[in-house]
Amino acid sequence: MHQELKAAVMGGDPLEVRRMVHTIEGSLGAMGSLDSISALMELGQAGRDLETSLFLPLFLKYEKAILSSNEMLKEIALSLD
């Protein structure tokens, strides 16, 4: 899903960005950080507003939040071992 969202962002496709954001939001609601959900919602809003110039900066913000969330999850998993 991440790669499909990235392709939509790079292609400047507002409809596909909105579709992928909606798809990913459900997954993040269960396991994502608030930062990643917030960044994803901003990207979805840019898609609704047809603000394609915001796609890449908002995608990078989302990607950074996901990486941070993944690192946090790894630390939690290691502490449980």
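As the structure is a computational prediction, the values presented were derived from the model and not from experiment. Residue positions are given per chain, counting from 1 as you read along its sequence in written order. Given that this is a predicted model, residues contribute local features only at a pLDDT of at least 70 and side-chain atom pairs are listed and counted only at 80 or more, while totals for whole chains, interfaces and linings are drawn from all residues. Based on all heavy atoms of the structure, the side-chain values leave hydrogens and waters out of the count.

(A) Main features of the overall build of the protein chain. Check the secondary structure of the protein chain and you find 4 helices and 0 strands. The linear arrangement of helices and strands in the protein chain, starting from the amino end, is α-α-α-α. For each residue, the accessible area found with a 1.4 Å probe, counting protein chains only, is set against the maximum for its type, and the residue is called buried under 20%, exposed over 50%, and partly exposed in between. For the protein chain, the proportion of its 81 residues judged to be buried stands at 30%. Residue contacts are counted whenever heavy atoms from the two residues lie within 4.5 Å of one another. Contacts in the protein chain between residues at least 24 apart in sequence constitute 51% of all its contacts with a sequence separation of at least 6. Accessible surface area values rest on a Shrake-Rupley calculation with a 1.4 Å probe, where residue burial reflects the displayed protein chains alone. Total accessible area on the protein chain stands at roughly 5200 Å², and carbon and sulfur atoms take up 60% of it. Starting at the N terminus, helices and strands are each numbered in turn, a helix being any DSSP run of H or I of at least four residues and a strand any DSSP run of E of at least two.

(B) Region of interest: the nonpolar core. Put simply, a nonpolar core is a bunch of buried Ala, Val, Leu, Ile, Met, Phe, Trp, Tyr and Cys residues held in one set by side-chain atoms that sit within 4.5 Å of each other. With 17 residues, the main nonpolar core has Leu5, Val9, Val17, Leu40, Leu43 and Tyr62 as its most contacted residues. Non-local contacts of Val9, meaning those with residues more than four positions away in its chain, are made with Val17, Leu43, Phe55, Leu56 and Phe59.

(C) Summary view of the confidence of the model for the protein chain. For the protein chain, the mean per-residue pLDDT works out to 85, and 84% of the residues sit at or above 70. pLDDT expresses how confident the predictor is about each individual residue, on a scale running from 0 to 100. Within the protein chain, the element-level pLDDT minimum falls on helix α4 (residues 55-80), averaging 80, and the maximum on helix α1 (residues 2-11), averaging 93.

(D) The arrangement of unusual backbone geometry in detail. One non-glycine residue with positive phi stands out, namely Leu50, at about 60°. One can find Leu50 in the loop between α3 (34-48) and α4.

(E) Summary view of the pattern of salt bridges. Just to be clear on terms, a salt bridge is a Lys or Arg side-chain nitrogen sitting within 4 Å of an Asp or Glu carboxyl oxygen. A full pass over the atoms with the stated rule returns 3 salt bridges. The residue Arg19 makes a salt bridge to Glu16 at a minimum N-O spacing of 2.6 Å. Pair noted here: Arg19 and Glu16 are both in helix α2 (residues 14-31), with a separation of 3 residues, about one helical turn. A salt bridge links Glu42 to Lys61; the shortest N-O distance between them is 2.7 Å. Of the two residues, Glu42 is situated in helix α3 and Lys61 in helix α4; the sequence distance between them amounts to 19 residues. By relative accessible area, which is 30% here, Glu42 ends up partly exposed.

(F) Broad picture of the packing of aromatic side chains. Stacked, tilted and edge-to-face are the three classes assigned to paired rings of Phe, Tyr and Trp, where Trp is represented by its six-membered ring and a pair needs centres within 6.5 Å; plane angles under 30 degrees give stacked, over 60 edge-to-face, the rest tilted. Applying the stated criterion across every chain, the model contains 1 aromatic pair. Measuring from centroid to centroid gives 6.1 Å for Phe59 and Tyr62, while their planes differ by 50°, and the two rings are tilted. Placement of the pair is Phe59 and Tyr62 together in helix α4, with a separation of 3 residues, close to one helical turn.

(G) Geometry of the environment of Gly26. Note on placement: Gly26 falls in helix α2. With 11 residues separating them in the primary sequence, Gly26 and Ile37 have C-alpha atoms 9.6 Å apart.

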